[in-house]
Amino acid sequence: MAQKIVAGNWKMNLSLSEGVKLVNGIESKIDSTDVRIIVFTPSLFAHPISQLNKKDTEVGVQNFNENEAGAFTGEISINQVKSVGVNIGLIGHSERRLYFNESHSVLKAKVDAAIGNGFEFIFCCGEPLDVREANQEFSYVKRQLDESLFHLTDAQIKGGTIAYEPVWAIGTGKTATTEQAEEMHKAIRTWIVEHYSEEIAETVSILYGGSCNPKNAEELFACPNVDGGLIGGASLNPEDFCAIINSF
Ligand code: PEP
């Protein structure tokens, strides 16, 4: 069975003290422990937040560089992240693709660097509005997965995590309908079956992201192929984030 995950993406928000307050608030409000909870903090905060040693909340980074080390000013390597005890990161968030020109090949290199260093990741995919309006969303998302993820072997992809985040739903307040989310999640699961096997497809968690909130989380999470959520705005408030987690 795929693991149930609810992850928060803080993006470039919050001070350290606000982040500490948020994580303390999350821990005090959680009533379900079979959901894996991760907060993707700014890299600078990953260590102090992880040092809070919370029972239910794991910490990850929103980005990392695909190179081992060297002259990459302003970047952070997997080994540096791992050296502070943090072992998971996002790959391919649409904001990284759009504002930092992260191409299919760069994302493939990040996937390979993560695999090579035993570093867990959530691979993000999703189509922009013009692509959906042109009814090209399935081929668009499939290409993102084919180019950067589906070169992995059975053993490498097994138990991995993919986040489907339609770009038109991120930070816009416009959520995919349960039908739109489920049909894309089902398509992603089917592609995993085609590339790998049914058994492996059942181990991959497929999360939905895009204006997920306490009001719509329950029906989204009730879709058979939705294994959880990647939450932006609503993860910055412990009440909303915990209501989303508790809606499982
Ligand atoms: C995100 O940034 O991954 C995201 C889903 O944002 P929001 O929930 O704010 O749409």
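Our structure's up above, just so we're on the same page.
From a predicted model like this one, the values you see are computed outputs, not experimental measurements. (Residues numbered from 1 in each chain as written. Predicted model: local features only at pLDDT ≥ 70, side-chain atom pairs only at ≥ 80, totals over all residues. Heavy atoms only, no water.)

Student: Please explain a negative patch on the surface as it appears in this structure.
Tutor: Together, Glu-179, Glu-183, Glu-218 and Glu-219 give the surface a local cluster of negative charge. Listing elements by their share of the negative patch, those giving two or more residues are α9 (178-195) and α11 (217-221). Positionally, Glu-219 belongs in helix α11. (Patch = residues over 30% accessible without salt bridge, like charges linked within 9 Å, V, L, I, M, F, W, Y side chains within 5 Å. Areas by Shrake-Rupley, 256 points an atom, 1.4 Å probe, with all protein chains shown as cover. Salt bridge = Lys/Arg side-chain N within 4 Å of Asp/Glu carboxyl O. Lys, Arg positive; Asp, Glu negative; His and termini not counted. Charge placed at Lys NZ, Arg CZ, Asp CG, Glu CD. Helix = DSSP H or I, 4+ residues; strand = E, 2+ residues; numbered from the N terminus.)

Student: Is there a simple way to think about the environment of Thr-172 in this case?
Tutor: Within the secondary structure, Thr-172 sits in the loop between β6 (161-164) and α9. Separated by 119 residues in sequence, Thr-172 and Asn-53 place their C-alpha atoms 33 Å apart.

Student: Looking at this structure, how should I read the site of the ligand?
Tutor: The local shell around the ligand holds 14 residues, among which Lys-11, Glu-165, Gly-171, Ser-211 and Gly-232 are the closest. Gly-171 has a polar backbone atom sitting 2.6 Å from an oxygen atom of the ligand. Taking Ser-211, its main chain carries an N or O atom lying 2.7 Å from an oxygen atom of the ligand. Residues belonging to the shell around the ligand are distributed by class as follows: 4 nonpolar, 8 polar and 2 charged. (Near = heavy atom within 4 Å. Polar contact = N/O pair within 3.5 Å; in protein donor to acceptor, adjacent residues only side chain to side chain. Nonpolar A, V, L, I, M, F, W, Y, C, P; charged D, E, K, R; others polar.)

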